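# Overview (structure and organization)
Below are the chains, spelled out letter by letter.
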Amino acid sequence: MEKVKKISKYVLNVLTIINALVIGIAPIWSINADKVTNTISVVIAVISTYLLGNKVVKGSK
């Protein structure tokens, strides 16, 4: 379980960086990246919820 948590944190950080890059580069290249950034944001939210849920469960024990 700890390995999954650690990998999730790295994936979350990588997705956050990619999302920031897409948001920053899209206007420069005149690309409509709304669907891409929205999708990445949803994945980030799901991973964050998973990580926070683990903290809540551990805290209640």
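Right, let's walk through the structure included here. Note that the structure is a prediction, hence the values are computed from the model and not measured.

### Some details on the overall build of the protein
Counting its regular elements, the protein contains 2 helices and 0 strands. Over its C-alpha atoms the protein spans a radius of gyration of 15 Å, topping by over 25% the 10 Å that the globule rule assigns to 61 residues. Taken over the C-alpha atoms alone, the protein extends approximately 50 × 15 × 10 Å along its principal axes. By residue count, 21% of the 61 residues in the protein fall in the buried class. Within the protein, counting contacts between residues at least 6 apart in sequence, those at least 24 apart form 70% of the total. Of the roughly 4900 Å² of accessible surface on the protein, a fraction of 71% belongs to carbon and sulfur atoms.

### A look at the pattern of salt bridges
Within this structure, the stated rule accounts for 1 salt bridge. Linking lysine 5 and glutamate 2 is a salt bridge whose minimum nitrogen-to-oxygen distance equals 3.6 Å. Residue lysine 5 and its partner glutamate 2 are both found in helix 1 (residues 2-29); the two are separated by 3 residues, about one turn of the helix.

### Considerations on helix 1
Because an α-helix completes one turn every 3.6 residues, residues spaced three or four positions apart along the sequence face the same direction. Along its 28 residues, helix 1 runs 40 Å from first to last C-alpha, staying within 8% of the 40 Å computed at 1.5 Å per residue. Taken together, the buried positions of helix 1 are occupied by Lys5, Ser8, Leu12, Leu15, Asn19 and Ala26. Among the residues trailing helix 1, serine 30 stands out with phi positive, at a value near 55°.

### Quick notes on unusual backbone geometry
Unusually for a residue other than glycine, serine 30 sits at a positive phi of about 55°. Within the secondary structure, serine 30 is located in the loop between helix 1 and helix 2 (34-60).

### Section: the environment of isoleucine 25
By secondary structure assignment, the location of isoleucine 25 is in helix 1. Taking the relative accessible area as the measure of exposure, isoleucine 25 reaches 30% and is therefore partly exposed. Residues isoleucine 25 and isoleucine 7, spaced 18 residues apart in sequence, show a C-alpha to C-alpha distance of 27 Å.

Definitions and cut-offs
Residues numbered from 1 in each chain as written. Predicted model: local features only at pLDDT ≥ 70, side-chain atom pairs only at ≥ 80, totals over all residues. Heavy atoms only, no water. Helix = DSSP H or I, 4+ residues; strand = E, 2+ residues; numbered from the N terminus. Rg over C-alpha atoms; globule rule 2.2 N^0.38 Å. Buried < 20%, exposed > 50% of the residue type's maximum accessible area, 1.4 Å probe, protein only. Contact = heavy atoms within 4.5 Å. Areas by Shrake-Rupley, 256 points an atom, 1.4 Å probe, with all protein chains shown as cover. Salt bridge = Lys/Arg side-chain N within 4 Å of Asp/Glu carboxyl O. Expected span 1.5 Å × (residues − 1).

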